[in-house]
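What follows is each chain in one-letter form.
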Amino acid sequence: MTFKELQAQAIRRLKEAPPPRSPENFDSPQWDVRLLTEYASGLNQTQLFLAADEKVPENVKRRFNRFLRRRLAGVPVAYITKSRCFFGLDLEVTPAVLVPRSETETLAEAVIESGDKNKPLRVLDLCTGSGCIAAAVKSARPRWTVCASDISAAALKVARRNFRRLGLEVTVFKRDLMKNLPGQYDIIAANPPYISLTEMENLKPDLYEPEPALTDGGDGLSLIFRILSSAPAKLNPGGRLLLEAAPHQTKIIRAKMEELCYTETGVLRDAAGRERIVYGNHYHHLSI
């Protein structure tokens, strides 16, 4: 069997399989198969293209089929390959953290564009998980001071390894959101757990990601509202808060922001055109 035949067969199997009930389903069998083939063979995309008509070594075929069986069972590709590319950065990913998603790149980009790159701004990434947002921001804005916080010690171990391997200086805190968090910030970003408990019940049969990183155990808004209430005390005047949320939550969150006297509020859409990021400034126009 050639590499081309192996991949075609695997793509067909993924397309024919019932999609897993999880936040990461089989949206792109071709992409999944490419990543699994690269990981199983140790070849990059160009090398695989050139080797398309070559016979697959038996040890590579065995590894690939083992990985494919896990993917068919619903295991996210990133947990199989132990990595995920986010904002051009190769990040380590383990089952201790949420798999970074493309829509979260919208949040990272919005943070990067929220302030002057030449000013020494202070940025906080709440619920950092793998550290993807903090890493993207620090990589793009090296003059900024970036901090990352999470309640999960296991997640922070992964984040620290990512910062260290990428050579990024990011200060890490283990905190319950902003409780006892030191310092003041010009920008606070958060991708908090925003899936409701009801929605989680539909995902659980095929869920491999850490539940606390996905849901607040209630309506999906409780942690977001806690952040909205506590952020002003940690933001410098004119500072900005940016939150990732589900599209059906954005209007509720924006209304709550305005009720709490945030100004210049708005909503950004992700690459798929869905409302995804809600932002607002601390009491007066952003001047950073």
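Below you will find a few notes about this structure. Small disclaimer: the values here were computed from a predicted structure and weren't measured.

1. Some remarks on the pairing of strand β8 (residues 263-269)
Part 1: With 5 bridges joining them, β8 and strand β9 (residues 275-281) adopt antiparallel strand pairing. The partner of G266 across the bridge, within β9, is Y279.

2. What to know about the environment of K174
Part 1: Tracing the backbone shows K174 in strand β5 (residues 170-174).
Part 2: Judged by relative accessible area, which is 46%, K174 ranks as partly exposed.
Part 3: For K174 and I133, which are 41 residues apart along the polypeptide, the C-alpha to C-alpha distance reads 16 Å.
Part 4: With sequence-adjacent residues up to four places away left out, K174 is seen in contact with D150, I151, A153 and L156.
Part 5: A polar contact of 3.2 Å, which involves the side chain of K174, links it to the backbone oxygen of I151.

3. As for the nonpolar core
Part 1: Core analysis: the biggest nonpolar cluster contains 30 residues, and V111, V137, F163 and L242 have the highest contact counts within it.
Part 2: Considering each element in turn, this core owes the most residues, 6 residues, to helix α7 (residues 132-140).
Part 3: Setting aside residues no more than four positions away along its own chain, V111 makes contact with V123, V137, W144, I187, A189 and L242.
Part 4: The next biggest cluster of nonpolar side chains, apart from the first, holds 26 residues, and it includes L126, F173, I188 and I227.

4. Some words on the environment of L268
Part 1: Turning to its location among the elements, L268 is positioned in strand β8.
Part 2: Leave out the neighbours within four places in its chain, and L268 touches A110, R274, E275, R276, I277 and Y279.

5. Considerations on the packing of helix α1 (residues 3-16) against helix α2 (residues 29-41)
Part 1: Where α1 meets α2, the closest approach of the two axes is 9 Å, and the angle between their N-to-C directions is 135°. It follows that α1 is oblique to α2 by the angle criterion. Both α1 and α2 take part in a crossing whose hand is right-handed. The residues of α2 that touch α1, namely those facing F3, Q7, A10, I11, L14 and K15, are P29, Q30, D32, V33, R34, T37 and S41.
Part 2: For the contact of α1 with α2, a count of residues per class yields 6 nonpolar, 4 polar and 3 charged.

6. Some words on the pairing of β9
Part 1: Of all 7 residues in β9, 7 are buried; the element is thus mostly enclosed.
Part 2: Here strand β7 (residues 235-244) runs beside β9; their pairing, made up of 5 bridges, is antiparallel. Note on β9: the bridge partner recorded for R240 is N281.
Part 3: Two successive antiparallel strands, β8 and β9, enclose a turn made up of 5 residues, where G273 displays a positive phi of approximately 85°.

7. Points about helix α4 (residues 58-72)
Part 1: In this model, α4 (15 residues) spans 21 Å end to end at C-alpha, consistent with the 21 Å of a helix rising 1.5 Å per residue.
Part 2: Regarding α4, the residues found buried are V60, K61, F64, F67, L68 and R71. For α4, the buried positions fall inside an angular range of 130° around the axis, keeping them on one side. In this structure, α4 carries R62 and R69 as exposed residues pointing more than 90 degrees from its buried face.
Part 3: Packed against the buried residues of α4 are α1, α2 and α5 (77-81).

Conventions used here
- Residues numbered from 1 in each chain as written.
- Predicted model: local features only at pLDDT ≥ 70, side-chain atom pairs only at ≥ 80, totals over all residues.
- Heavy atoms only, no water.
- Pairing = 2+ DSSP bridges.
- Helix = DSSP H or I, 4+ residues; strand = E, 2+ residues; numbered from the N terminus.
- Buried < 20%, exposed > 50% of the residue type's maximum accessible area, 1.4 Å probe, protein only.
- Contact = heavy atoms within 4.5 Å.
- Polar contact = N/O pair within 3.5 Å; in protein donor to acceptor, adjacent residues only side chain to side chain.
- Core = buried A, V, L, I, M, F, W, Y, C linked by side-chain atoms within 4.5 Å.
- Axes fitted to C-alpha atoms, helices over the stretch in contact; angles between N-to-C directions.
- Parallel < 35°, antiparallel > 145°, perpendicular 65-115°, else oblique.
- Left-handed = near helix turned anticlockwise from the far one by under 90°.
- Nonpolar A, V, L, I, M, F, W, Y, C, P; charged D, E, K, R; others polar.
- Expected span 1.5 Å × (residues − 1).
- Arc of directions from axis to C-beta.

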